[in-house]
Amino acid sequence: MTAETPPRSPRSLYLHIPFCSQRCPYCDFAINLSGEALQDRYVGALLEELKLLRGGTRIELDTVYLGGGTPTLLRPELLERLLSFVFSQFSLSGSLEVTIEANPEGITPEMVRLWLSLGINRVSLGIQSLDDATLRWLGRGHSASSAVDAIRSCRVAGLENLSCDLIFAVPDQDSGGFEASLRRLLQFHPEHVSCYELTVEQGTPLQREVKAQRRTGPSVDAYLRERRLAVELLAGAGLDQYEVSNYARSGFQSQHNLTYWKGLPYLAAGSGAHGFLAPDEGWRLGIQGGGGGLRYWHLRDAATYIRAIAAGGRGIRGHEWLSAAQVELERLACGLRLSEGVDLQSASQLARARELALMGLVEIAGSTVRATTGGVDVLDRLTLELSAA
Ligand code: SF4
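Residues numbered from 1 in each chain as written. Predicted model: local features only at pLDDT ≥ 70, side-chain atom pairs only at ≥ 80, totals over all residues. Heavy atoms only, no water.

Caption draft 1: Expanded view of the overall build of the protein chain. The helix and strand inventory of the protein chain stands at 14 helices and 15 strands. Its C-alpha atoms give the protein chain a radius of gyration of 21 Å, within 12% of the compact-globule value 21 Å for 389 residues. With respect to the principal axes defined by its C-alpha atoms, the protein chain has extents near 60 × 50 × 45 Å. Counting over 389 residues, the protein chain shows a buried share of 52%. For the protein chain, the share of sequence-separated contacts (at least 6 apart) that also reach a separation of at least 24 residues comes to 71%. Approximately 16,600 Å² of the protein chain is accessible, and the part contributed by carbon and sulfur atoms is 51%. (Helix = DSSP H or I, 4+ residues; strand = E, 2+ residues; numbered from the N terminus. Rg over C-alpha atoms; globule rule 2.2 N^0.38 Å. Buried < 20%, exposed > 50% of the residue type's maximum accessible area, 1.4 Å probe, protein only. Contact = heavy atoms within 4.5 Å. Areas by Shrake-Rupley, 256 points an atom, 1.4 Å probe, with all protein chains shown as cover.)

Caption draft 2: Here's a closer look at the site of the ligand. Residues in contact with the ligand, as listed here, are Cys-20, Gln-22, Arg-23, Cys-24, Tyr-26, Cys-27, Phe-29, Ile-31, Gly-69, Asn-103 and Arg-140. Of the residues belonging to the shell around the ligand, the class tally is six nonpolar, three polar and two charged. (Near = heavy atom within 4 Å. Nonpolar A, V, L, I, M, F, W, Y, C, P; charged D, E, K, R; others polar.)

Caption draft 3: Region of interest: the environment of Glu-36. With respect to the helices, strands and loops of the structure, Glu-36 is situated in the loop between strand 1 (12-17) and helix 1 (39-54). As a C-alpha pair, Glu-36 and Phe-19 span 17 residues in sequence and 8.0 Å in three-dimensional space.

Caption draft 4: Local environment of helix 14 (residues 379-388). Residues Leu-379, Leu-382, Thr-383 and Leu-386 constitute the buried set of helix 14. Taken down its axis, helix 14 places every buried residue within 100 degrees of arc, on the same side. Turned more than 90 degrees away from the buried face of helix 14 sit Asp-380 and Ala-388, all of them exposed. (Arc of directions from axis to C-beta.)

Here you go:
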């Protein structure tokens, strides 16, 4: 057992589409409002960056993920231009997963049919809640009924791989509200559900409100209660918790997100996007150096990104060479979140894992360790214990 660096060329591509019609008060993503005028130039810049990233090599993709922002705000001809370019410039695996993130407002069956015709085969809907009071608290632009309409539009159009995002531990809503919301969602039999707790991110309008005591932040009690409720209800509906916050029917796990959680390399393009490359792939970014892996991130503002690409750059704001120890720490941190667990890399890690197993925090099978229900509550601690061993 020896420490490993990421083993392969990237097989996943993340494309950031930053446009949103409003800023939700809890969101700290790289977004641009009123992006209509920028859309053409933004897609042009993305294609330029992709050419540089590909660098004349053959890259076979297993997954393409259009995230945001709100990618579905891209005009259809630009979405087509972008995907046609990707499909013509990269090799595609036979089981290619192509995901688009979508907000519920205004989604029609015609829109979903168009996405399917362009090669998109998975939609991740930002439902967040099917409770209007919760949606108002979150400052979302849609209602519970428009979220239901969006789900129905996906099904009427023939989409067979639907993922829905929910947010839990929203203050001022009792767990009955979350439970009702989740039960209602399950009536539509989504193939995949992501349940994320509300977090108060630095620099967001929500954080300023909480700091000024005009709103309360999420409570640990609600977090634990509602997370356990989600595990129970989703398991009862046949969705396995394959990652701490993600549940899927058999065969519908997010292949793209598994790339992140398994610490594998992936390409990312577009304003605000973060990518991760194996040590010998820095040339794709024109970066020299070495280490256990290369993390890079882009300029956050779309207009600044477009200008940087127009000037012959790659739109990169920064990069960091991770040491082998840092890569290993991240591999353990993400791998322990997976129900399949993570392979341990040394005898000392295995010895420490056996001690943690005696405390009921992990289970061990061969050289693979996975967190138990009790261990999931202290994942950060488990990661530190195993990485220090
Ligand atoms: S729609 Fe999504 S990406 Fe856009 S501001 Fe709201 S949470 Fe952020």
